Amino acid sequence: MDSTSDSLRLQLRRAVDECSSRGLFFAAKWAAEQLCSLTAADSRFGGPATPTTPTLSRAKDREQLHLRNIAAAAAAPAMAGRGGDDSNNNNNKEEEEEEELRQKQRLAAEWDRLDADERDHTALAKSLFDLRELDRAAFCLRECKGPRAVFLRLYAQYLSRERKRKTGDQQLTGEDSTSPTSAAAAAAAAAAAGNAQSSIDRELVSSSSSSSSSRKRTILLGLESPDSFCLFLLATVQLALGQREDARGSCIRSVCMYEYNWSAWLLLESCMDPRQHRSVDSLDAELSRCTGWMRHAFMAHVLLELFAATPAAAATSAPASVAAITATSAAAAAVGAAAVPASPRPGGGASAQDFAVHYHVLEQLFPQSMFVIGLRAVRHYNMREFEEAGRLFAQLRQLDPFRLELSDIHSNILFVMEDRARLSELAHRCAEVDRFRPETCCVIGNYYSLRKQHEKAVGYFQRALQLDRNYLAAWTLMGHEFIELKNTAAAIDAYRHAVDVDDRDYRAWYGLGKTYEMLNMPHYACSYYSRAAALRPYDSRMWCALANCYELGGQPAQAVACYRRALAGSSECEALAIGRLAKLYEEKAAAAAAPNGGGPDRERAAYYYQLLYQHAAKNAAGASGAGGPFGDSGLSGASAGAGGIGGGGAAAANATAVEQDELAAACLFLAAFELDRGNAKAAHQYLAQVIEGASQQRADEAKAMMRAHILPPPPATAAAAAAAAKAASGSSSS
């Protein structure tokens, strides 16, 4: 067996034991899944024997010694070229490092001794913890001082506090608040819950302030410093109290002390703000002490979750506000390629490269890991590559048909693809596995939503929230359903709950903007769309929605800036942004009464109308292999997916009458523009396209323009000639 595989398997087995013994079942399950996903060539049951009672301190000592050796090896070349005082300083530094290592070893030995002395009480408390007798478990460990026992006691108190708070909220909701007795009882219960919460939080937060001071002993443990798991619990409470930066620091300290607690990594991801793009680079530097593969797993996950479809390099250079974009747009006076920002598409740039680097490390270690395959599936989903994402989700289903993780995202893909058969199959399978899982309720809700049974869909999303009040997807999807039911008040409430759960969810901010836009309140809608665009700066749908609100609010300059910004993002709304830019510049030129053939705004309008014409012609040629821009696909294929967050689908397969009319208006404008420039041949081509493929009204306008400028009529097509011959024969026979 390869030594790397031996070491990896040993570390994962320790992680399963360490996490499960502390009640961190999710982290233990995650570590066990990676352990079982090692390649068949390396996975043998006859591996090295592991200690029956593995301790965290020994593993941590080895990691610290390994890091020290790495630092010494990195410093060796620099030390070789120095002498005299530098050598003395280096010797002093080595002595300090050795003394620090000895102190850590003494602390680890003390922790081992305390855990060994208290193992009987810890075993009893863990049994009570597994039976959800949380208060008894905490009481059983009230006198214990070891890190394992202290963590289990505080974790049990924390979970008990959370359970009582949720139960109290449900009871208070069902009582008559108008009764004086009930009101007093509610106030007393709320005060008691607040006191209980503050007592535990005060104990944990006080340890944070003590550990950052000059004193080495803390109130939390009575030891020199808390261990990594207690730091994880401290970060949990700090985040609940709104102390995001403190929680971030505690999480970093926790994962640097012990890397194999996946729950701590996920908590660190919750402490990050995607609007602060520099935080990824600074975080990567802060995690440099974590030399293991867990850092790659976390960075791949965080790049996928926080910065999906947002290249880090491009997002850093993106304007931070609409005002900045407006200034940039006003400065770009030239017409041509410079009128459209040249920026990489989503999925390119630094973030895609970084994700590929971290993902490659994971794929080499765990090629059959469901976590690794799931990362790639969600990546394709975020890139709106639904076919490939669906294939990977099907592969996950083959590996474990009873796995429900990510099934809600799989259902979103099938919903967007309008694949009712496979979505129905997925809903039945999830219901057979576990009907009382939030993911199952979400999948069934998506199925009923696809069938236009929105009331039933709302019911299942509400059931998911009864199972997990912090299930973000259910709040957002329920808001979408209330939008379909035209219940704007309920939609706003659902979206606001989603934002309370996680203010980094761009879908909830977009939903709030959409709702207020429906209520004809563009200023409120602009505020929420701006939040969504800040979270997804390279999603053109966000910018087009924001630009539309600025149009409704009578702010064309800001609308132009947002439409230009949309062209630097994803391609879903490219045709919409180009068409609106052309229309806005045309209106601006008309308002300025610019003479025909002159004026930069009119030239810009012609430039964007030409882009729109080329876009439609290319799309029609790609769909049918021939034909002009008024073909079977035309403009609609270019603007597919522009409507909402779901986007796309069979509903956008054919060009609508509105889109055909917009394209005809573009051709008429371009014809007039070319006539003013003296280019009669180009004008004739545009007018001929309108006469052949547009509506009768637009065709009459084109013919009138031809007569006014004494242009020859376009040659009759075969269909037109046949129709004329048929009409002539009919008239002669009559």
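These numbers were taken from a predicted model, which means no experiment stands behind them.

1. Brief notes about helix α17 (residues 370-382)
Okay, so step 1: Helix length check: α17 (13 residues) gives 18 Å between terminal C-alpha atoms against 18 Å at 1.5 Å per residue, within 8%.
Okay, so step 2: The element α17 is largely enclosed, with a buried count of 12 among its 13 residues.
Okay, so step 3: With a side-chain oxygen positioned 3.2 Å from the backbone nitrogen of Phe371, the residue opening α17 is Ser369.
Okay, so step 4: One or two positions beyond α17, positive phi appears at Arg384, with a value near 60°.

2. Some thoughts on the confidence of the model for the chain
Okay, so step 1: On average, residues of the chain score 74 in pLDDT, and 67% of them reach the 70 mark or higher.
Okay, so step 2: The secondary-structure element of the chain with the lowest mean pLDDT is helix α14 (residues 312-317), recorded at 36, while helix α21 (residues 438-450) shows the highest, at 96.
Okay, so step 3: Confidence drops under a pLDDT of 50 for residues 632-644, and excluding neighbours within four residues, the segment shows 45 contacts in the predicted structure.

3. Digging into empty space enclosed by the protein
Okay, so step 1: Using the criterion set out here, one finds 4 cavities of 30 Å³ or more in the structure.
Okay, so step 2: Of the voids in this model, the largest cavity is the one considered here, and its volume is about 110 Å³.
Okay, so step 3: For the lining of the largest cavity, the secondary-structure elements that each account for two or more residues are α18 (386-399) and α19 (407-416).
Okay, so step 4: It is α18 that contributes the most residues to the lining of the largest cavity, 3 residues altogether.
Okay, so step 5: A breakdown of the residues in the lining of the largest cavity according to their chemical character gives 3 nonpolar, 2 polar and 5 charged.

4. Overview of the packing of aromatic side chains
Okay, so step 1: All chains considered together, the criterion is met by 25 aromatic pairs.
Okay, so step 2: Relative to Tyr155, the ring of Phe151 has its centre 5.4 Å away and its plane inclined at 25°; by these criteria the two rings are stacked. With Phe151 and Tyr155 both in helix α7 (residues 147-173) and 4 residues apart, this pair spans about one turn of that helix.
Okay, so step 3: Accessibility expressed as a relative area gives 14% for Tyr155, which makes it buried.
Okay, so step 4: Ring geometry for Tyr381 versus Phe386: centroids 6.2 Å apart, planes at 50°, classification tilted. Exposure class is identical for Tyr381 and Phe386. Each is buried.
Okay, so step 5: Within the aromatic cluster, the residues linked to one another by ring pairs are Phe25, Trp30, Phe129, Phe151, Tyr155, Phe229, Tyr258, Tyr260, Trp262, Trp293, Phe366 and Phe371.
Okay, so step 6: Directly above the aromatic system of Phe355 lies the positively charged group of Arg379, at a separation of 5.1 Å from the ring centroid.

5. Some thoughts on the nonpolar core
Okay, so step 1: Of all hydrophobic cores here, the largest spans 93 residues; its most connected members are Met478, Leu512, Tyr563 and Tyr608.
Okay, so step 2: At 9 residues, helix α32 (residues 657-676) tops the list of elements feeding residues into this core.
Okay, so step 3: Ranked by size, the runner-up nonpolar core spans 81 residues in total, among them Cys144, Trp262, Leu287 and Leu304.

6. Comments concerning the environment of Arg22
Okay, so step 1: Within the secondary structure, Arg22 is located in the loop between α1 (3-21) and α2 (25-36).
Okay, so step 2: With 104 residues separating them along the chain, Arg22 and Lys126 place their C-alpha atoms 7.6 Å apart.

7. Quick word on the pattern of salt bridges
Okay, so step 1: Applying the stated rule across the entire model yields 27 salt bridges.
Okay, so step 2: Here Lys588 and Asp601 are joined by a salt bridge, their closest N and O atoms 4.0 Å apart. Here Lys588 is found in helix α29 (residues 574-591), whereas its partner Asp601 is found in helix α30 (residues 600-624), with 13 residues between them in sequence.
Okay, so step 3: You can call Lys588 partly exposed: its relative accessible area is 48%.
Okay, so step 4: Overall, Asp601 belongs to the buried group, its relative accessible area being 13%.
Okay, so step 5: Linking Asp676 and Arg602 is a salt bridge whose minimum nitrogen-to-oxygen distance equals 3.0 Å. You can see Asp676 sitting in helix α32 and its partner Arg602 sitting in helix α30, a full 74 residues away along the chain.
Okay, so step 6: Its relative accessible area of 34% is what places Asp676 among the partly exposed residues.

8. A closer look at the packing of helix α20 (residues 420-433) against α21
Okay, so step 1: Axis separation between α20 and α21 bottoms out at 9 Å; the angle between their running directions is 150°. Taken together, the axis directions place α20 and α21 in an arrangement best described as roughly antiparallel. Classified by chirality, the crossing of α21 by α20 is left-handed. In this structure, α20 contributes Arg420, Leu423, Ser424, Leu426, Ala427, Cys430 and Ala431 to the contact, and α21 contributes Thr440, Val443, Ile444, Asn446, Tyr447 and Leu450.
Okay, so step 2: Among the residues forming the contact of α20 with α21, the class breakdown is 9 nonpolar, 3 polar and 1 charged.

Conventions adopted
- Residues numbered from 1 in each chain as written.
- Predicted model: local features only at pLDDT ≥ 70, side-chain atom pairs only at ≥ 80, totals over all residues.
- Heavy atoms only, no water.
- Helix = DSSP H or I, 4+ residues; strand = E, 2+ residues; numbered from the N terminus.
- Expected span 1.5 Å × (residues − 1).
- Buried < 20%, exposed > 50% of the residue type's maximum accessible area, 1.4 Å probe, protein only.
- Polar contact = N/O pair within 3.5 Å; in protein donor to acceptor, adjacent residues only side chain to side chain.
- pLDDT = per-residue confidence, 0-100.
- Contact = heavy atoms within 4.5 Å.
- 1 Å grid on protein atoms, 1.4 Å probe; cavity = no way out; pocket = protein on both sides within 12 Å on 5 of 7 lines; lining within 4 Å.
- Points joined across faces, edges and corners; volume = space filled by probe spheres on them.
- Nonpolar A, V, L, I, M, F, W, Y, C, P; charged D, E, K, R; others polar.
- Phe/Tyr/Trp six-rings, centres within 6.5 Å; stacked < 30°, edge-to-face > 60°.
- Lys NZ or Arg CZ within 6 Å of the ring centre and 35° of its normal.
- Core = buried A, V, L, I, M, F, W, Y, C linked by side-chain atoms within 4.5 Å.
- Salt bridge = Lys/Arg side-chain N within 4 Å of Asp/Glu carboxyl O.
- Axes fitted to C-alpha atoms, helices over the stretch in contact; angles between N-to-C directions.
- Parallel < 35°, antiparallel > 145°, perpendicular 65-115°, else oblique.
- Left-handed = near helix turned anticlockwise from the far one by under 90°.

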